[in-house]
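The lines below spell out each chain.
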Amino acid sequence: LLAIRALNAIGAVGTGVGKAVRPHVRTTLPAVAVALGDGKAAIREAAMAALERWVAEVSFEPMLPLLPTALGMEAPAGRASALRWLCTHTAQLDGAAEVRPLLPPLLRNLDDRTPDVRAAAAAALEARGLPASHLHAGNVLLDEHA
(Lines give C-alpha, C1' and ligand atoms only; values in the text may rest on other atoms or scores of the structure.)
Protein backbone atom coordinates (compact mmCIF):
# COMPACT_ATOMS: atom_id res chain seq x y z
CA LEU A 1 0.00 0.00 0.00
CA LEU A 2 2.83 2.40 0.80
CA ALA A 3 4.56 1.66 -2.51
CA ILE A 4 1.34 2.33 -4.42
CA ARG A 5 0.86 5.63 -2.62
CA ALA A 6 4.45 6.61 -3.34
CA LEU A 7 4.03 5.80 -7.03
CA ASN A 8 0.77 7.73 -7.14
CA ALA A 9 2.53 10.71 -5.52
CA ILE A 10 5.36 10.55 -8.08
CA GLY A 11 2.80 10.55 -10.86
CA ALA A 12 1.03 13.51 -9.27
CA VAL A 13 4.31 15.42 -9.09
CA GLY A 14 4.76 14.97 -12.81
CA THR A 15 1.27 16.24 -13.51
CA GLY A 16 1.45 19.02 -10.94
CA VAL A 17 4.81 20.41 -12.03
CA GLY A 18 4.07 20.02 -15.72
CA LYS A 19 6.72 20.37 -18.40
CA ALA A 20 9.20 21.81 -15.89
CA VAL A 21 9.55 18.30 -14.42
CA ARG A 22 11.62 17.18 -17.43
CA PRO A 23 15.06 17.67 -15.78
CA HIS A 24 14.00 15.28 -13.02
CA VAL A 25 13.22 12.32 -15.28
CA ARG A 26 16.71 10.82 -14.90
CA THR A 27 16.73 11.06 -11.11
CA THR A 28 13.13 10.23 -10.29
CA LEU A 29 11.90 7.67 -12.77
CA PRO A 30 14.50 4.87 -12.71
CA ALA A 31 13.00 3.54 -9.47
CA VAL A 32 9.53 3.80 -10.99
CA ALA A 33 10.68 1.80 -14.02
CA VAL A 34 12.10 -0.88 -11.71
CA ALA A 35 8.68 -1.13 -10.03
CA LEU A 36 7.34 -2.44 -13.35
CA GLY A 37 8.98 -5.71 -12.31
CA ASP A 38 7.37 -5.94 -8.88
CA GLY A 39 5.67 -9.19 -7.95
CA LYS A 40 2.39 -7.45 -7.19
CA ALA A 41 0.20 -6.45 -10.11
CA ALA A 42 -1.17 -3.40 -8.25
CA ILE A 43 2.35 -2.00 -7.86
CA ARG A 44 3.16 -2.66 -11.52
CA GLU A 45 -0.04 -0.87 -12.53
CA ALA A 46 0.72 2.10 -10.26
CA ALA A 47 4.24 2.32 -11.72
CA MET A 48 2.89 2.32 -15.28
CA ALA A 49 0.30 4.97 -14.36
CA ALA A 50 3.04 7.19 -12.86
CA LEU A 51 5.22 6.80 -15.96
CA GLU A 52 2.28 7.62 -18.21
CA ARG A 53 1.55 10.79 -16.25
CA TRP A 54 5.13 11.95 -16.75
CA VAL A 55 5.02 11.04 -20.44
CA ALA A 56 1.88 13.16 -20.77
CA GLU A 57 3.88 16.14 -19.51
CA VAL A 58 7.31 15.73 -21.09
CA SER A 59 6.78 13.26 -23.99
CA PHE A 60 8.27 9.80 -24.30
CA GLU A 61 11.69 10.71 -25.65
CA PRO A 62 13.22 11.69 -22.26
CA MET A 63 12.24 8.22 -21.03
CA LEU A 64 14.48 6.43 -23.54
CA PRO A 65 17.56 6.38 -21.26
CA LEU A 66 15.51 4.46 -18.65
CA LEU A 67 14.65 1.65 -21.00
CA PRO A 68 17.92 -0.30 -21.27
CA THR A 69 17.83 -0.88 -17.50
CA ALA A 70 14.12 -1.69 -17.52
CA LEU A 71 14.57 -4.10 -20.43
CA GLY A 72 17.31 -5.90 -18.52
CA MET A 73 15.48 -6.40 -15.22
CA GLU A 74 15.14 -9.89 -13.79
CA ALA A 75 11.34 -10.05 -13.74
CA PRO A 76 9.87 -11.18 -17.06
CA ALA A 77 6.61 -9.35 -16.28
CA GLY A 78 8.57 -6.13 -15.86
CA ARG A 79 10.48 -6.59 -19.10
CA ALA A 80 7.26 -7.35 -20.96
CA SER A 81 5.59 -4.26 -19.46
CA ALA A 82 8.53 -2.04 -20.43
CA LEU A 83 8.52 -3.50 -23.95
CA ARG A 84 4.79 -2.93 -24.38
CA TRP A 85 5.26 0.62 -23.06
CA LEU A 86 7.99 1.22 -25.63
CA CYS A 87 5.81 -0.22 -28.38
CA THR A 88 2.90 2.02 -27.38
CA HIS A 89 4.98 5.18 -27.55
CA THR A 90 7.30 4.39 -30.46
CA ALA A 91 5.12 6.27 -32.91
CA GLN A 92 5.70 9.47 -30.88
CA LEU A 93 9.44 9.33 -31.42
CA ASP A 94 10.87 11.34 -34.24
CA GLY A 95 13.34 9.74 -36.63
CA ALA A 96 16.28 11.36 -34.86
CA ALA A 97 15.46 9.82 -31.47
CA GLU A 98 18.48 7.91 -30.17
CA VAL A 99 17.29 4.32 -30.01
CA ARG A 100 20.61 2.58 -30.67
CA PRO A 101 21.20 1.85 -26.94
CA LEU A 102 17.90 -0.04 -26.93
CA LEU A 103 18.90 -2.48 -29.66
CA PRO A 104 21.06 -4.87 -27.55
CA PRO A 105 18.42 -5.35 -24.82
CA LEU A 106 15.68 -5.63 -27.44
CA LEU A 107 17.62 -8.35 -29.25
CA ARG A 108 18.31 -10.19 -25.97
CA ASN A 109 14.59 -10.11 -25.18
CA LEU A 110 13.83 -11.70 -28.56
CA ASP A 111 15.57 -14.81 -27.19
CA ASP A 112 13.88 -14.73 -23.76
CA ARG A 113 12.39 -17.98 -22.57
CA THR A 114 9.12 -16.21 -21.69
CA PRO A 115 6.76 -16.05 -24.70
CA ASP A 116 5.20 -12.75 -23.55
CA VAL A 117 8.64 -11.09 -23.45
CA ARG A 118 9.60 -12.44 -26.88
CA ALA A 119 6.34 -11.26 -28.43
CA ALA A 120 6.62 -7.81 -26.83
CA ALA A 121 10.25 -7.45 -28.01
CA ALA A 122 9.26 -8.40 -31.56
CA ALA A 123 6.38 -5.91 -31.50
CA ALA A 124 8.65 -3.14 -30.18
CA LEU A 125 11.23 -3.77 -32.91
CA GLU A 126 8.59 -3.91 -35.61
CA ALA A 127 7.04 -0.67 -34.31
CA ARG A 128 10.42 0.96 -34.99
CA GLY A 129 10.48 -0.50 -38.50
CA LEU A 130 12.90 -3.31 -37.68
CA PRO A 131 11.18 -6.62 -38.52
CA ALA A 132 12.03 -9.15 -35.83
CA SER A 133 11.77 -12.01 -38.32
CA HIS A 134 15.01 -10.80 -39.96
CA LEU A 135 17.03 -10.17 -36.81
CA HIS A 136 19.18 -13.17 -36.07
CA ALA A 137 22.44 -11.35 -36.76
CA GLY A 138 22.36 -8.61 -34.13
CA ASN A 139 25.73 -7.22 -35.15
CA VAL A 140 24.50 -6.62 -38.69
CA LEU A 141 21.49 -4.76 -37.31
CA LEU A 142 23.68 -2.58 -35.11
CA ASP A 143 26.02 -1.78 -38.00
CA GLU A 144 23.15 -0.95 -40.36
CA HIS A 145 21.48 1.43 -37.90
CA ALA A 146 24.60 3.20 -36.64
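Just above sits the structure.
Below: a short report on this structure.

Thresholds applied
Residues numbered from 1 in each chain as written. Predicted model: local features only at pLDDT ≥ 70, side-chain atom pairs only at ≥ 80, totals over all residues. Heavy atoms only, no water. 1 Å grid on protein atoms, 1.4 Å probe; cavity = no way out; pocket = protein on both sides within 12 Å on 5 of 7 lines; lining within 4 Å. Points joined across faces, edges and corners; volume = space filled by probe spheres on them. Nonpolar A, V, L, I, M, F, W, Y, C, P; charged D, E, K, R; others polar. Axes fitted to C-alpha atoms, helices over the stretch in contact; angles between N-to-C directions. Helix = DSSP H or I, 4+ residues; strand = E, 2+ residues; numbered from the N terminus. Parallel < 35°, antiparallel > 145°, perpendicular 65-115°, else oblique. Contact = heavy atoms within 4.5 Å. Buried < 20%, exposed > 50% of the residue type's maximum accessible area, 1.4 Å probe, protein only.

**Some thoughts on empty space enclosed by the protein**
Item 1. Scanning all chains against the criterion turns up one cavity of 30 Å³ or more.
Item 2. Around the largest cavity, the lining residues are Leu86, Thr90, Leu93, Val99, Leu102, Leu106 and Arg128.
Item 3. Of the residues assigned to the lining of the largest cavity, the class counts are five nonpolar, one polar and one charged.

**Let's talk about the packing of helix α1 (residues 2–17) against helix α3 (residues 41–58)**
Between two packed helices, the angle of one axis relative to the other and the distance separating the axes together describe the packing.
Item 1. In contact at an axis separation of 8 Å, α1 and α3 are set at 5° when each is read in the N-to-C sense. In this view, α1 runs roughly parallel relative to α3, as classed from their interaxial angle. Across the interface between the two elements, Ala3, Ile4, Leu7, Asn8, Ile10, Gly11, Ala12, Val13, Gly14 and Thr15 of α1 pack against Ala42, Ile43, Ala46, Ala47, Ala50, Arg53, Trp54 and Glu57 of α3.
Item 2. Of the residues contributing to the contact of α1 with α3, the split by class is 12 nonpolar, four polar and two charged.

**With respect to the side chain of Ser81**
Item 1. As for its position among the elements, Ser81 is in helix α5 (residues 76–89).
Item 2. For Ser81, a relative accessible area of 11% translates into the label buried.

**Focus on the side chain of His89**
Item 1. Position of His89 among the secondary structure elements: in helix α5.
Item 2. The exposure class of His89 is buried, given its relative accessible area of 5%.
Item 3. Excluding its chain neighbours within four sequence positions, the residues that come into contact with His89 are Glu52, Val55 and Phe60.

Interpretation note: all reported values are geometric properties and have no functional meaning in isolation.
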